[in-house]
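Structure assessment
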Amino acid sequence: MLVSRVLGRVLGAASKSESFATSAAAAAADSARRAHNPLEEFFEVDRSTDEEKPVVYGRGWKASELRLKSWDDLQKLWYVLLKEKNLLMTQRQMLHAQNLRFPNPERIPKVRKSMCRIKHVLTERAIAEPDPRRSAEMKRMINAL
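Residues numbered from 1 in each chain as written. Predicted model: local features only at pLDDT ≥ 70, side-chain atom pairs only at ≥ 80, totals over all residues. Heavy atoms only, no water.

**Here we look at the overall build of the chain**
The number of helices and strands found in the chain is five helices and zero strands. Start at the N end of the chain and walk to the C end: the helices and strands fall as α-α-α-α-α. Taking all 145 residues of the chain together, 17% fall into the buried category. Taking the intrachain contacts of the chain between residues at least 6 apart in sequence as the baseline, contacts between residues at least 24 apart amount to 63%. Carbon and sulfur atoms make up 59% of the accessible area of the chain, which totals about 11200 Å². (Helix = DSSP H or I, 4+ residues; strand = E, 2+ residues; numbered from the N terminus. Buried < 20%, exposed > 50% of the residue type's maximum accessible area, 1.4 Å probe, protein only. Contact = heavy atoms within 4.5 Å. Areas by Shrake-Rupley, 256 points an atom, 1.4 Å probe, with all protein chains shown as cover.)

Rendered as structure tokens:
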């Protein structure tokens, strides 16, 4: 009798601690999910209507500026611009579905032109490459962008 009572208490305490650990893990996962949702990267943070100052966005990249960058920097910049383009296109589509005006539509052509200029600079480098095998490899990588 005493053994069954002690065993029952130990098993009961173990099941309570397991359920607590499970609920704590679920709560932590839920808060982490709320804290950073990867899809949030495709939407800009909404601005309040109280702000009177218009948001000023930068200009596109010039080819002369891009020629000064390394291959790795240009690849990183390409993916930053690709992410920005996806964000803008998602936002434009979402606002169009709600019959709302897309703010600052001139941003999309700036991003597209910058992406085209990056490809142009990389193609110039591939053409200037003296080794034909490396040049062909570079051209394949550029076409995959």
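We are not done yet, so read on.
**As for unusual backbone geometry**
Despite not being glycine, Asn99 shows a phi value in the positive range, around 55°. You can see Asn99 is positioned in the loop between helix 3 (71–97) and helix 4 (107–128). By relative accessible area, which is 72% here, Asn99 ends up exposed. Positive phi, close to 55°, is recorded for Asn104, a residue that is not glycine. Topologically, Asn104 is positioned in the loop between helix 3 and helix 4.

**Brief notes about the packing of helix 4 against helix 5 (residues 132–144)**
One way to put it is that helix 4 packs onto helix 5 with a least axis distance of 8 Å and a crossing angle of 165°. As the angle between them shows, helix 4 and helix 5 are arranged roughly antiparallel. Where helix 4 crosses over helix 5, the two elements pack in a sense that is left-handed. Where helix 4 approaches helix 5, its residues Lys119, Leu122, Thr123, Arg125, Ala126 and Ile127 are matched on the opposing element by Ser135, Met138, Lys139 and Ile142. (Axes fitted to C-alpha atoms, helices over the stretch in contact; angles between N-to-C directions. Parallel < 35°, antiparallel > 145°, perpendicular 65-115°, else oblique. Left-handed = near helix turned anticlockwise from the far one by under 90°.)

**Topic: the side chain of Ser114**
Within the fold, Ser114 resides in helix 4. Residues contacting Ser114, with those up to four places away along its chain left out, are Gly60, Trp61, Leu66 and Leu81.

**Quick notes on the nonpolar core**
By size, the foremost hydrophobic cluster in this structure holds 19 residues, and its most contacted members are Leu66, Leu74, Leu81, Leu88 and Ile118. Of all elements in the fold, only helix 2 (63–66), helix 3, helix 4 and helix 5 reach the threshold of two or more residues within this core. (Core = buried A, V, L, I, M, F, W, Y, C linked by side-chain atoms within 4.5 Å.)

**A look at the environment of Leu88**
Structurally, Leu88 is set in helix 3. According to the relative accessible area criterion, Leu88 is buried, its value standing at 0%. The spacing of Leu88 and Pro103 is 15 residues in sequence and 9.9 Å in space, taken between C-alpha atoms. Apart from the residues lying within four places of it in its own chain, the contact partners of Leu88 are Phe102, Arg107, Ile108 and Val111.

These figures capture arrangement, not role.
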